[in-house]
Amino acid sequence: MKHHQYALTPPMGWNSWDCYGATVREEEVKGNADYMAKHLKGYGWEYIVVDIQWAESGAVSSAYRPFIPLEMDEYSRLIPATNRFPSAENNQGFKPLAEYVHQLGLKFGIHIMRGIPRQAVHQNTKILDTDVRARDIAKPNSICPWNTDMYGIDHNKTGAQEYYDSLFQLYAEWGIDFIKVDDIADSKLYGTHAEEIEMIRKAIDNCGRPMVLSLSPGPAPLDRASLLEENANMWRMTDDFWDIWELLYDMFERCYKWSKNIGPGFWPDADMLPLGHIGIRSVDGGASDRYTRFTKDEQVTMMTLWSMFRSPLMFGGELRDNDEWTYSLLTNPEVLEVHQTGFGARQIYRDHDRVVWSSNGLDGSIYVALFNLSDQKQLVKVSLIDLNIQTEEAIIRDLWKRRDEVSQQGTIGYELKPHAAKFIKVEAANLSGQS
């Protein structure tokens, strides 16, 4: 499918939600883009994404304010609030900010809610290049249970596709590269909005600009995998993910269930990485301004699972406040090689809280991740036979430490601390010219 070409490897970027909630401002977006261009671009990080409520001038946190007026053009399309995004003045929208990001060699994305603004329906404003108006295409009984901004769109109505086409025509003019559409993969009230997903897919195709399509929130249902693959590049398989161990523990089962529905251009999404300095103006995740509550072992476990599974990597913290440890998690070339080029990821086994995954390297090596999900130290091991290694001896390289280890015979095993992981590259000894 053509749109799969837009994301042949899992996207890597920064999203404003975990640190700024609904309130991010232009100077903060530019600051994080500058950091990414200087420190992360060389490792494959490339997307800068402005999350929800950018059309609301008075947003104060991640707590949505119900029925608040939003900035909107005459054709029922939301536009950036100029007090937060000054470069959007004079009807320029996000075009100047996108150009700033592009000049850094990066790509720019935005979050939108499915549907049409309620205020457009109540005011019965125009739809571009049609004789219909907002009220004619709206589905007022199709609402989001956690945000009051939008009504759904009735795909059977004349003007419905034209409205989505007009949205993405505008986004193409702005230079948007990545679209995160919310209240659509699993709307909580109505399940998956298949018709609106299909209209959005058609609108992107019609606009003439390649855009990666990300669908939220989750958990997207596994039985809709074909619909999601046929229309999107990534979709959330979880609700909002935060720095809480129980949520990370639960992700192992989600990754296992989705592991056969991954391929070039379509990526089940384990959600953002709540690392570094988060909660600056966000009250989600159970705490305000903080550094991640994950321990260092838990952070490594998360990055190992996301990389092995090949989830998109969207960093949620304020990049400019990264310490050396956080930076090291984002810039390990050997771990990122697994994320970008590994294939055939699968769970080898799960024995209570001992979990082992493997995937294949392009050079014929095997990547292995061993996890201890328990609250006690314990041995986690896997046999070479289970890894399809037919020799008695294996050569081991620790990917996080970036160093070779003593080769092991028959079985690979490690004593792991609670909530810890070991991420290794394994080669059969005879393949490397060793006995």
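Just above sits the structure.
To keep things clear, this report deals only with the structure shown in the data block. (Residues numbered from 1 in each chain as written. Predicted model: local features only at pLDDT ≥ 70, side-chain atom pairs only at ≥ 80, totals over all residues. Heavy atoms only, no water.)

1. Some thoughts on the overall build of the protein
Here is step 1: A count of helices and strands for the protein gives 12 helices and 21 strands.
Here is step 2: In terms of its C-alpha atoms, the protein occupies a principal-axis envelope of roughly 75 × 40 × 40 Å.
Here is step 3: Counting across all 435 residues of the protein, residues that qualify as buried make up 60%.
Here is step 4: Partitioning the intrachain contacts of the protein with sequence separation of at least 6 by distance along the chain shows that 72% fall at a separation of at least 24.
Here is step 5: If you sum the accessible surface of the protein, you get close to 17,100 Å²; carbon and sulfur atoms cover 47% of it.
Here is step 6: Averaged over its 45 positive side-chain charges, the protein has a centre that lies 1 Å from the centre of its 62 negative ones. (Helix = DSSP H or I, 4+ residues; strand = E, 2+ residues; numbered from the N terminus. Buried < 20%, exposed > 50% of the residue type's maximum accessible area, 1.4 Å probe, protein only. Contact = heavy atoms within 4.5 Å. Areas by Shrake-Rupley, 256 points an atom, 1.4 Å probe, with all protein chains shown as cover. Lys, Arg positive; Asp, Glu negative; His and termini not counted. Charge placed at Lys NZ, Arg CZ, Asp CG, Glu CD.)

2. A closer look at the packing of helix α2 (residues 26-40) against helix α3 (residues 95-103)
Here is step 1: Running from amino to carboxyl end, α2 crosses α3 at an angle of 15°, the nearest separation of the two axes being 10 Å. Here α2 lies roughly parallel to α3, going by the angle between them. For the pair α2 and α3, the crossing hand works out as right-handed. Contacts between α2 and α3 involve Glu26, Val29, Lys30, Ala33 and Asp34 from the first element and Leu97, Tyr100 and Val101 from the second.
Here is step 2: When grouped by side-chain class, the residues that make up the contact of α2 with α3 number five nonpolar, no polar and three charged. (Axes fitted to C-alpha atoms, helices over the stretch in contact; angles between N-to-C directions. Parallel < 35°, antiparallel > 145°, perpendicular 65-115°, else oblique. Left-handed = near helix turned anticlockwise from the far one by under 90°. Nonpolar A, V, L, I, M, F, W, Y, C, P; charged D, E, K, R; others polar.)

3. Quick word on the sheet that holds strand β6 (residues 147-153)
Here is step 1: Taken in spatial order, the three strands of this open sheet run β4-β6-β5, and their pairing is antiparallel. Of all the strands in the sheet, the pair left with one neighbour each is β4 (116-117) and β5 (138-144). (Pairing = 2+ DSSP bridges.)

4. Comments concerning helix α10 (residues 296-309)
In an α-helix there are 3.6 residues to a turn, and that puts residues three or four apart on one side.
Here is step 1: A rise of 1.5 Å per residue sets the reference length of α10, with its 14 residues, at 20 Å; its end C-alpha atoms lie 20 Å apart and thus fit the reference within 8%.
Here is step 2: With 12 of its 14 residues buried, α10 lies for the most part within the structure.
Here is step 3: Among the residues making up α10, those that are buried are Glu298, Gln299, Val300, Thr301, Met302, Met303, Thr304, Leu305, Trp306, Ser307, Met308 and Phe309.
Here is step 4: Arg310, located one to two residues past α10, shows a positive phi value of around 70°. (Expected span 1.5 Å × (residues − 1).)

5. Here's the deal with the pattern of salt bridges
Opposite charge on two side chains permits them to pair, given that their charged atoms come into close proximity.
Here is step 1: Applying the stated rule across the entire model yields 27 salt bridges.
Here is step 2: Among the salt bridges present, the one from Arg77 reaches Asp73, with a minimum N-O distance of 2.9 Å. Judged on exposure class, the residue Arg77 and its partner Asp73 are both buried.
Here is step 3: Of the charged contacts, one joins Arg114 and Glu196 as a salt bridge, the two residues approaching to 2.7 Å between their closest N and O atoms. Separated by 82 residues along the polypeptide, Arg114 in the loop between β3 (107-113) and β4 and Glu196 in helix α7 (residues 194-207) bring together distant segments of the chain. Accessibility assignment for this pair places Arg114 and Glu196 in one class, buried. (Salt bridge = Lys/Arg side-chain N within 4 Å of Asp/Glu carboxyl O.)

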